[in-house]
Amino acid sequence: MTSAGRALPLRIKPLDGESLDSWLEALARRNDLSLRGLMAILGLPSNIYHIRPLITDLPFRTLRDIERRTGLEPGRLDEAVAGPGFPLGPRHTERCRFYPRCLAENGGRWLLRWRIPWVFACTNHRMLLQDTCPTCQMSPRRGIPVHRRGFPAGTCTAKIPRAATCESDLSAVRATTLPAGHQLIDAQRGINDLINGDREQAVSVFADLLGCSRWLMHCLTRADLRMMGSTIRETWSDQPPPAGRTTRATPIPAAVAGVIVHYGQSLLAGEEGTAIQMIRELRHRHESSMSIRPRGMSIAQWEQLSEDLRGRFLQAADPSMSAMDRVRLRTRTPEPRLPRPGDPRLAARVRHLPQLLWPGWTLRLMPRRGIQEDLFRGVASALLLLPGEPVRSARKVTDRLSPHLPNYFAVTLQILVRSGHEDVLAAICRLASHLDEHGSPIDYQRRRALIPQSPISPEDWRQLCFATDTQPGDQGRRTSAVPRSMHAQRYLWQLLTGSDLEDPSHRLTWRSRADRTRYVSFALSLPLAQRAALNAHGFRLLQELGIDEPVSWEPPDECGDGLNLPGPRLTDSVQEAVRRIVIEERRAPREAARELGTTLAHIRFALERLDRTLPPQASNTVLSAWQARQRARNVVTAEFLQGEYIEAGKNMRRLAEETAIPRSIIIERARSLGLTVYRTARPATIDEEWLRDQYVAQQRSSQNIADELGLEDMTVLRRLHRLGIPVRSKGVHSQPALIRRLDRSIPRDVRKAVEGTLGGWLRLRRFQIAMKFPSLTTAADYLGVHGSALVTQCQRLECDLGGKLFNRSAFGRPQRPTARGQALLRDLTLDRVQVLMNAALRDDQVPPMPGAAALASAAMRSTTRSAPGPLTPFDGISVERIRISSSTRVLLRVLLDHPSEEFYGVQIRAQSRLGEGTLYPILNRLERAGWLTSRPEDDQSWLGRATVGRGPGRRRIYYTLTTEGRRAAAYEVEHRRVARPRKAT
């Protein structure tokens, strides 16, 4: 609409609360125009045929233009429209109620609030509003009259058959009077307060009433209306049942709307506990077990409800929900909510969760018995992803944080609920809400991606222990034991990343249950100084990675305030009692947990905060060796060794006695300074260039060279080490075939197959011959070798070359070389390759290529299938013997489990898990062989299965084993291994 429109000469102001359509009708009447004619003058769209778009869809610029043309102050018409999004209900159920006396008093002008579905009575006159015109029985003021003439004010403009319009005087209609103090009058006053108050609150309440109206009509009965009078009860009884999924909803009479408002106000504005109890009682009338959405409420209506009302419905259904849904929907909290798909807080929450629940909250949430600690910590941490999660699959939720965990959600929650710890569900929801609202200073997901899985090297661990005067520990002679340095890596990795070392994807995962037990002992044995040093090392590591976060963090204890949780706080003082029982009396931590009435985890966490007195250090420990090395750095200098060892000629033993430093450490120090230490007399002189030529160029062995020089083999080997010459391994690795390298002109695949291995040329020759035959079996016969040997050689050749060389044969399809195999075969025909092959192989290892006759015979063998021989009859069992497949053995096992019973096909299928196309041919074959008999179902049983309105269906066939068939089946099952069918899941 543009601003170029003329103003109306005759004007009239709208009444307080008057609807825009009523004011336009009065303005048209004042200007002697029809309503549609006035709309055309005002520039309103010509495609508006109903009243509702006038009060909900007109843009504000259109209202401003109408105000300018009619001389109204700006914004005056905002009170005459409902605006977009106002919950007036479905268009096909829309109606404009009216009160005749008010209509007469207003001069036939209609109020906007009469169009609201929940305005049903006049509180001034205590009268119910009228729903329809008594003459035409139609709802007035739905459509815009198409006639080009006006109508008297307060008349019905509905179209009726055989006439243009009804034109009945609605101001003279008689209405129903309600007594003073009637519940519906009080309910209407509440609606009026909402209309006169905050618009957003009114829109929310009206939307809730629309959403739960169908459900209330489904649940309420005449008995609930016994205090509202006979008129209300009769109207309620005459109301048709609420529309189903496929039934079109019908308009709600004023009396019914009043009942819905009366009970709806109790659900919306009543005390929370009372409202929840009311919802629960109403739902129990029609629902034996309550689901999330009430029966009788459509999905659209359920989604239309406000969060607060949906929360009350969820809390009412809490006792009937599974424990997972109670956590997912937060029904144990004051703010239950339905999950929102795509909620960004869920993705942010998983980044702030460790794979193992924080220690302090583990103590508070874990029950004393019924579940393993590590499993509970992993599952409880994954449970923090559940609040607000739209996915109901526990496996999908767990995989986001800990894919290695078993599907233990439901079992863990059942243990908590059955042990009376339902407040743990509320605590889980509170922790998740705290992470959503306040976040966490630690991004565990980033840490698991950036922090190396060896956060402290063995050398750093040793230096850390030496700095704190503690033992780093070592393996000693127990080569299978895990060193303490790895336990330190595990401790730091868990501390920084919160990872679960039960996860097999971690390099530091437990190797066994005993390994985990040793780690727990390690963590308990750490002194406070060593533990603080590890924490400081972890903080430095975070700084190096650019992670500005604390080493560890836990949600505040206030998240559990007011909840009766099974465990104590981590700060509860039991440390002195634990010191007395575990450290002083040397009793097991489990006994301390039993005596103090707490969990074993609580005792362990208390022990980690106790400082322990270390035993005196022995002289032969790693710490003592480190201290000796520190002294050696100050005493055994290069000048000291030059004067005492080289010039004075003192040996290492004498230097150790003079300095009180172990001889091995002095030798270690001397070698670190680049000094050659001789343990025996000075070695013999060997020409280094000659030795290099003989050992490297001539490929002579060290023993051969030592024999020539009259020395020991070890003397030659030590000189080779000193010259930096790589020493070849003794035995087969020193053979020329493993050492020799082919010329670069030889094709690469040939070199890869031959160099560094034995039998390479033989494998290439046999591969060359085998590719002439249709299968490896016929090729093996020609070569005079066992088939498995030829298969192994071909597989080894493919492994050496790192690729597939040929496609294996099948019956009727010969083997064929791949592209790489064809290239290899071409390389083997080269003259220079053939010369090397003939030189490397003996004459008996180079068979000639097969002729045409050998190849034709092999081709015939590969395309001829031998027929199976006849079956050996049973000895003493008079039934025909048949071939027993795996499916037949499964069926026989099922029949033998109940030898004297009759079964029909569906029963056998359920127990054997065999398909219909597999089962019935086997049954027919067994019956023909005399193993079992069959009979059709008798008439009485067959006809007794018939359902009302339908026939009995197909007649069942019952099968049972014969006496001889039972013996034959037992023989076959006993002499063959049979896997029992899996139970149906």
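Residues numbered from 1 in each chain as written. Predicted model: local features only at pLDDT ≥ 70, side-chain atom pairs only at ≥ 80, totals over all residues. Heavy atoms only, no water.

- As named in an unreviewed UniProt entry, the protein chain is TniQ family protein, taken from Streptacidiphilus jeojiensis.

## Quick notes on the overall build of the protein chain
Now for step 1: Counting its secondary structure elements, the protein chain contains 47 helices and seven strands.
Now for step 2: Relative to the globule expectation of 30 Å for 985 residues, the C-alpha radius of gyration of the protein chain, 47 Å, shows a markedly less compact shape.
Now for step 3: Each principal axis of the C-alpha atoms in the protein chain carries an extent, and together these give about 140 × 90 × 75 Å.
Now for step 4: Within the protein chain, residue pairs in contact and separated by at least 24 positions form 67% of the contacts whose partners lie at least 6 positions apart.
Now for step 5: Carbon and sulfur atoms make up 50% of the accessible area of the protein chain, which totals about 50,900 Å².
Now for step 6: Both charge centroids of the protein chain, one from 146 positive and one from 104 negative side chains, sit 5 Å from each other. (Helix = DSSP H or I, 4+ residues; strand = E, 2+ residues; numbered from the N terminus. Rg over C-alpha atoms; globule rule 2.2 N^0.38 Å. Contact = heavy atoms within 4.5 Å. Areas by Shrake-Rupley, 256 points an atom, 1.4 Å probe, with all protein chains shown as cover. Lys, Arg positive; Asp, Glu negative; His and termini not counted. Charge placed at Lys NZ, Arg CZ, Asp CG, Glu CD.)

## Considering the sheet that holds strand β7 (residues 957-961)
Now for step 1: Reading across from one edge, β5-β7-β6 is the order of the three strands in this open sheet, with antiparallel pairing throughout. Across the chains shown, the open sheet's two edge strands, defined by having one partner strand only, are β5 (903-904) and β6 (932-936).
Now for step 2: As paired elements, β6 and β7 share five bridges and run antiparallel to each other. Note on β7: the bridge partner recorded for P936 is I957. (Pairing = 2+ DSSP bridges.)

## So, the side chain of E549
Now for step 1: By the secondary structure assignment, E549 is in the loop between α24 (528-544) and α25 (575-584).
Now for step 2: Overall, E549 belongs to the buried group, its relative accessible area being 6%.
Now for step 3: At 2.9 Å, the side chain of E549 and the side chain of R447 are in polar contact.
Now for step 4: Leave out the neighbours within four places in its chain, and E549 touches P441, I442, D443, R446, R447, F539 and L542. (Buried < 20%, exposed > 50% of the residue type's maximum accessible area, 1.4 Å probe, protein only. Polar contact = N/O pair within 3.5 Å; in protein donor to acceptor, adjacent residues only side chain to side chain.)

## Points about the nonpolar core
Now for step 1: Judged by nonpolar contacts, the single largest core of 98 residues is most densely connected at L20, W114 and W118.
Now for step 2: When residues in this core are grouped by element, the largest group, ten residues, is from helix α7 (residues 199-219).
Now for step 3: Contacts of W118, omitting those with residues within four sequence positions, involve R97, Q188, I191, F206, L209, L210, S213, I252, A257, I260 and V261.
Now for step 4: Counting 45 residues, the second largest nonpolar core, distinct from the first, contains L385, A394, I415 and C559. (Core = buried A, V, L, I, M, F, W, Y, C linked by side-chain atoms within 4.5 Å.)

## Focus: the packing of aromatic side chains
Now for step 1: In this structure the tally under the stated criterion is 13 aromatic pairs.
Now for step 2: Aromatic pair F98 and W110: ring centres 5.6 Å apart, planes at 65°, arrangement edge-to-face. A residue pair is termed long-range when its members are at least 10 positions apart, and F98 in the loop between α4 (60-70) and α5 (100-105) and W110 in the loop between α5 and β1 (121-122) qualify at twelve residues.
Now for step 3: With relative accessibility at 0%, the residue F98 sits in the buried group.
Now for step 4: Residues F773 and Y782 carry aromatic rings whose centres are separated by 5.2 Å and whose planes lie at 40° to one another, so their mutual orientation is tilted.
Now for step 5: A relative accessible area of 30% means that Y782 is categorised as partly exposed.
Now for step 6: Connected via pairs of aromatic rings, a cluster forms that spans W461, W510, Y519 and F522.
Now for step 7: Just above the ring of W942 sits the side chain of R955; from NZ or CZ to the centre is 4.0 Å. (Phe/Tyr/Trp six-rings, centres within 6.5 Å; stacked < 30°, edge-to-face > 60°. Lys NZ or Arg CZ within 6 Å of the ring centre and 35° of its normal.)

## Quick look at the pattern of salt bridges
Now for step 1: Within this structure, the stated rule accounts for 52 salt bridges.
Now for step 2: The salt bridge involving R337 is made with D308; its shortest N-O contact spans 3.6 Å. Linking R337 in the loop between α13 (323-328) and α14 (344-351) with D308 in helix α12 (residues 307-316), this pair joins segments that are 29 residues apart in sequence.
Now for step 3: Judged by relative accessible area, D308 falls into the exposed class, the value being 57%. (Salt bridge = Lys/Arg side-chain N within 4 Å of Asp/Glu carboxyl O.)

## Observations regarding unusual backbone geometry
Now for step 1: For R141, which is not glycine, the phi dihedral falls at a positive 60°.
Now for step 2: Despite not being glycine, R330 has its phi angle at roughly 60°, a positive value.
Now for step 3: Take R330: it is sitting in the loop between α13 and α14.

## With respect to a negative patch on the surface
Now for step 1: Judged by side-chain charge, D687, E688, E689 and D693 come together as a negatively charged surface patch.
Now for step 2: With respect to the secondary-structure elements, E689 resides in helix α32 (residues 688-697). (Patch = residues over 30% accessible without salt bridge, like charges linked within 9 Å, V, L, I, M, F, W, Y side chains within 5 Å.)

## Quick word on the packing of α7 against helix α10 (residues 272-284)
Each pair of packed helices gets described by two things: the angle between the helix axes and the distance between those axes.
Now for step 1: Where α7 meets α10, the axes come as close as 9 Å, and the angle between the chain directions of the two elements is 60°. As judged from the angle between their axes, α7 and α10 are oblique. The handedness of the crossing between α7 and α10 comes out as left-handed. Residue-level contacts link W215, L216 and C219 of α7 to I279, L282 and R283 of α10.
Now for step 2: Of the residues assigned to the contact of α7 with α10, the class counts are five nonpolar, no polar and one charged. (Axes fitted to C-alpha atoms, helices over the stretch in contact; angles between N-to-C directions. Parallel < 35°, antiparallel > 145°, perpendicular 65-115°, else oblique. Left-handed = near helix turned anticlockwise from the far one by under 90°. Nonpolar A, V, L, I, M, F, W, Y, C, P; charged D, E, K, R; others polar.)

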